[in-house]
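# Commentary on secondary and tertiary structure
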Amino acid sequence: MNDTILEVRDLKTSFFTHLGEVQAVRGLSFVLNKGDILGIVGESGSGKSVTALSVMKLIETPGKIKAGEILFKNENLTNYSHSQMSDIRGKEIAMIFQDPMTSLNPVISIKEQMIEVIRRHQKVTRKQALERAIQMLKLVGIPEPEKRIHAYPHQFSGGMRQRAMIATALSCNPRLLIADEPTTALDVTIQAQIIDIMKDITQKLDTSIILITHDLGVIAELCTKIIVMYGGMAMEKGNIDDIFYATAHPYTRGLLKSLPRMDRKAHDRLNPIKGSPPDLMKPPAGCPFAPRCEHVMQICKEEAPALYDLGNGHESACWLRDERAPAVENYNKGGR
């Protein structure tokens, strides 16, 4: 039996501005299986959110999916019309956006917004849709859902609005849920609750998740697979142990070193990655991380590396993984 939910092959998405082409995603490929929680992490501008919007086919002008395939249930979504995608969005693939206040209509009650989504995709009566909406609010931990469903978005706290967004997205039992920075602007207690909710989702509803975030703490807590993106490309792919304990790319190591840690002394300084992300209007010919990499070689500046297979799904797009590359102390063995 094929457990693959989504397969993205060599995705290229650009924005055509009056100044030139911004190559936001440059040849990204990945596979999402049933029950997976895939985390896509990287700095702002790395292509994370554009990847999610490409999967949903929500790239608007001047943006365009230039090349690649997005295979969902063995169907290439890049060939789908607007009406075909409208039938899939919400029913088969749902998305939680970063700011629920911009996604929820402020003048319509939570009840009416949820009922509209449910009845759009399922042949149920209004009463049945209301019962489903209440059930979903209860699932995501909103107290007294029978009463709170009549509230308007401004009457909910930030965490409650995010839960309502999750409940709405899940109301039609989608096979795939895409969450774009779902814990941004929430305090750590509410973040932990949202993470627990999303964990329960995969178990109770058998839904696969793509989580877009810059927060490695959320990634470590929630995800089963990780893609580290930079400059519109995948720098490293692997599971939690691969990325955090057998790190195989200088960019991933830089991200991890820049994190605050409990075992650091109070006076220890964080180690930020020096330099700036590449200009994707004029992306470098070689590895996009080369200008900021302490291990840079001449070939890194001239030619982009392929993803080297390190075994068991762990891959790294780094020339240091080539058998011809010079040895770097502690690096080729992985580790932080």
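Residues numbered from 1 in each chain as written. Predicted model: local features only at pLDDT ≥ 70, side-chain atom pairs only at ≥ 80, totals over all residues. Heavy atoms only, no water.

## A word on the overall build of the chain
If you tally the helices and strands in the chain, you get twelve helices and twelve strands. For 336 residues, the compact-globule estimate of 2.2 N^0.38 gives 20 Å, and the chain sits close to it at 21 Å. Principal axes of the C-alpha set define a box for the chain whose edges measure 70 × 50 × 45 Å. For the chain, the proportion of its 336 residues judged to be buried stands at 49%. Sequence separation of 24 or more characterises 63% of the internal contacts of the chain that already satisfy a separation of 6 or more. (Helix = DSSP H or I, 4+ residues; strand = E, 2+ residues; numbered from the N terminus. Rg over C-alpha atoms; globule rule 2.2 N^0.38 Å. Buried < 20%, exposed > 50% of the residue type's maximum accessible area, 1.4 Å probe, protein only. Contact = heavy atoms within 4.5 Å.)

## Thoughts on the packing of aromatic side chains
In total, this model carries four aromatic pairs according to the counting rule given. Judged by centre distance (6.4 Å) and plane angle (65°), the rings of Tyr-308 and Trp-319 are edge-to-face. With Tyr-308 in strand E11 (residues 308–311) and Trp-319 in the segment after strand E12 (314–316), the pair connects residues that are eleven residues apart, well separated along the chain. Like Trp-319, Tyr-308 is buried. (Phe/Tyr/Trp six-rings, centres within 6.5 Å; stacked < 30°, edge-to-face > 60°.)

## A few points about helix H4 (residues 110–121)
An α-helix turns once every 3.6 residues. As a result, residues three or four positions apart point the same way. An ideal rise of 1.5 Å per residue puts 16 Å on twelve residues; H4 measures up with 17 Å between its terminal C-alpha atoms. Considering only its buried residues, H4 is in contact with helix H2 (82–88), helix H3 (100–103), helix H5 (126–139) and helix H7 (158–170). (Expected span 1.5 Å × (residues − 1).)

## Thoughts on the layout of surface pockets
Over the atoms rolls a probe the size of a water molecule, and in doing so it shows where empty space is left. If you add up the space inside the largest pocket, you get close to 710 Å³. Around the largest pocket, the lining is made up of 19 residues, and of these Met-95, Phe-97, Ser-103, Val-117 and Thr-168 lie nearest the centre. Among the elements that line the lining of the largest pocket, the one with the most residues is H4, at five residues. Of the volumes computed, that of the second largest pocket is approximately 320 Å³. (1 Å grid on protein atoms, 1.4 Å probe; cavity = no way out; pocket = protein on both sides within 12 Å on 5 of 7 lines; lining within 4 Å. Points joined across faces, edges and corners; volume = space filled by probe spheres on them.)

## Overview of the pairing of strand E10 (residues 233–238)
In terms of residue burial, E10 counts as a mostly covered element, since six of its six residues are buried. Sheet topology note: the strand E9 (residues 225–230)/E10 ladder contains five bridges and is antiparallel. Bridging from a neighbouring strand, Ile-226 pairs with Gly-238 of E10. Linking E9 back to E10 in an antiparallel pair, the connection comprises two residues, with Gly-231 at a positive phi of about 60°. Both E10 and E12 contribute to a ladder of two bridges, which runs antiparallel. Directly across from Lys-237, in E12, lies its bridge partner Glu-315. (Pairing = 2+ DSSP bridges.)

## What to know about the side chain of Arg-292
In this fold, Arg-292 is placed in the loop between helix H11 (250–257) and helix H12 (298–302). Only 3.2 Å separates the side chain of Arg-292 from the backbone oxygen of Gly-275, close enough to count as a polar contact. (Polar contact = N/O pair within 3.5 Å; in protein donor to acceptor, adjacent residues only side chain to side chain.)

## Considerations on the pattern of salt bridges
One pass over the structure, following the stated rule, counts twelve salt bridges. For the salt bridge of Glu-43 with Arg-292, the shortest nitrogen-to-oxygen distance reads 3.1 Å. On the criterion of sequence distance, the pair formed by Glu-43 in the loop between strand E3 (37–41) and helix H1 (48–56) and Arg-292 in the loop between H11 and H12 is long-range, its members being 249 residues apart. Look at Glu-43 and you get partly exposed, because its relative accessible area is 22%. Here Arg-292 falls in the buried class, since its relative accessible area comes to 13%. Of the charged contacts in the structure, one is a salt bridge between Glu-144 and Lys-147, with a shortest N-O distance of 3.6 Å. Here Glu-144 falls in the partly exposed class, since its relative accessible area comes to 48%. Salt bridges sharing common partners tie together Glu-7, Arg-9 and Glu-69. (Salt bridge = Lys/Arg side-chain N within 4 Å of Asp/Glu carboxyl O.)

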